[in-house]
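As a plain string of letters, each chain reads:
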Amino acid sequence: MEKSQGKPLFGLCTISHREKLLEYVLDLARDLGFGAIEIWGREPHISEKFDENRVAAARKMVEERHLCLCSLGSYVTCGPVRTRPEELVEVDDVLHTARCLRSPVVRIWASDIGSDHADREVFDRTVRDIQGACDRAARLNLTLAAQMHDDTLADTAASCMRLAEKVARDNFRLVFQVSHRDRPESAEQRLTRVLDLVAQVDIHNFSQYATEDGERVRRAPISEGLVDYYPLLEILANHGYRGCYALQFAAREGAAKRESLEQDLAYVRSLFKLMGRSA
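The sections below set out a description of the structure shown in this document. (Residues numbered from 1 in each chain as written. Predicted model: local features only at pLDDT ≥ 70, side-chain atom pairs only at ≥ 80, totals over all residues. Heavy atoms only, no water.)

## Describing the packing of helix α7 (residues 229–239) against helix α8 (residues 257–274)
Item 1. Running from N to C, α7 and α8 point in directions that differ by 60°, and their axes come no closer than 10 Å. The angle between the axes of α7 and α8 places the two elements in the oblique class. Note on packing geometry: the crossing formed by α7 with α8 is right-handed. Across the interface between the two elements, Tyr229, Tyr230 and Leu233 of α7 pack against Val268, Leu271, Phe272 and Leu274 of α8.
Item 2. Its residues placed into classes, the contact of α7 with α8 shows seven nonpolar, no polar and no charged. (Axes fitted to C-alpha atoms, helices over the stretch in contact; angles between N-to-C directions. Helix = DSSP H or I, 4+ residues; strand = E, 2+ residues; numbered from the N terminus. Parallel < 35°, antiparallel > 145°, perpendicular 65-115°, else oblique. Left-handed = near helix turned anticlockwise from the far one by under 90°. Contact = heavy atoms within 4.5 Å. Nonpolar A, V, L, I, M, F, W, Y, C, P; charged D, E, K, R; others polar.)

And the structure:
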């Protein structure tokens, strides 16, 4: 994505309101003071099948609200997957959608098998699939960014760096997010190792990590969760990162969701002010 100049660019991921129509989320983002949007690559926000008229309408709605589109949150999954074949997304559909939306970045997934459980065949096939997708994306001037997510080959900094080295494409990047699990690798270590590859930063926090016995994460306000975002944002700012900082989920649902996102955005802005940086 084109890097913002000066002030940090704050975005809202529309997956935060998967129960609402796109127009509602765009209005909310504008009213709360976000500058950018990541469009969720599933219904009801955008079709996984390319639909030129619908994509043009979505792009117009974004532009009318004076928002920029930081990325398309697609479900293109490269490499061997456990997903049923009928649930897989076609790369070409997603790339054409992104191009018509004028989204510079497309979020992708590096398999759905964690690096600890992936053998050489899984890794090599994932690399080949990403290379092929990157080559097609390059013809449309698009960047593909693998989500750093548990239970994928982009689940640790080491695995991400290995992927990037083997993929060896200039338009392959990462969407950085902290791990949902309590790992030996700290959030700061995780970020520092992949800094040069970060195309977008997804921000969320939790009061409890996911556990091996199936306990899911418990979401928390950015200011109150287990992850201290100040050192992470400082690392990014000092490195010269000018991409989008995207709030992914609200800590509270229902009627409290709007206030929750408003408070999270205000808190993230306050961290930049503490650094002495304009926000």
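From this point on, the discussion continues.
## Side note on helix α3 (residues 91–101)
Item 1. Burial in α3 covers these residues: Val91, Asp93, Val94, Leu95, Thr97, Ala98 and Leu101.
Item 2. Elements in contact with the buried residues of α3: β2 (36–40), α2 (52–64), β3 (68–78), β4 (105–110), α4 (120–138) and β5 (143–147).
Item 3. Positive phi appears at Arg102, one or two residues downstream of α3, with a value of about 65°. (Buried < 20%, exposed > 50% of the residue type's maximum accessible area, 1.4 Å probe, protein only.)

## Observations regarding the pairing of β4
Item 1. Of all six residues in β4, six are buried, a share of seventy percent or more.
Item 2. Of the two faces of β4, both are covered, the one formed by Val105, Arg107 and Trp109 as well as the one formed by Val106, Ile108 and Ala110.
Item 3. Sheet topology places β3 next to β4; four bridges connect them, and they run parallel. Directly across from Cys78, in β4, lies its bridge partner Ala110.
Item 4. Looking at chain direction, β4 and β5 are connected through four bridges and run parallel. Paired with Val106 across the strands is Leu144, a residue of β5.
Item 5. One crossover worth recording links β4 to the parallel β5 by way of α4, and it is right-handed. (Pairing = 2+ DSSP bridges. Right-handed = clockwise from strand over helix to strand, strands pointing away.)

## Examining the environment of Asp124
Item 1. Within the element layout of this structure, Asp124 appears in helix α4.
Item 2. A sequence separation of 90 residues divides Asp124 from Gly214, and the C-alpha atoms of the two residues are 29 Å apart.

## Examining the pattern of salt bridges
Side chains that carry opposite charge are capable of pairing whenever their charged atoms lie near each other.
Item 1. By the definition in use, this model includes 17 salt bridges.
Item 2. When the shortest N-O distance is used, the salt bridge between Asp31 and Arg30 registers 3.0 Å.
Item 3. On the accessibility criterion, Arg30 (39% relative accessible area) is partly exposed.
Item 4. Beyond isolated ion pairs, a larger network of salt bridges with shared partners links Glu23, Asp27, Arg30, Asp31 and Arg65. (Salt bridge = Lys/Arg side-chain N within 4 Å of Asp/Glu carboxyl O.)

## Examining the sheet that holds β2
Item 1. Strand order in the closed barrel made by the eight strands is β1-β2-β3-β4-β5-β6-β7-β10, with parallel pairing throughout. Direction aside, neighbouring strands of the sheet carry axes that sit 30° apart on average.
Item 2. Where α3 meets the sheet, its contacts fall on β2, β3, β4 and β5, and the angle it forms with β3 comes to roughly 180°.

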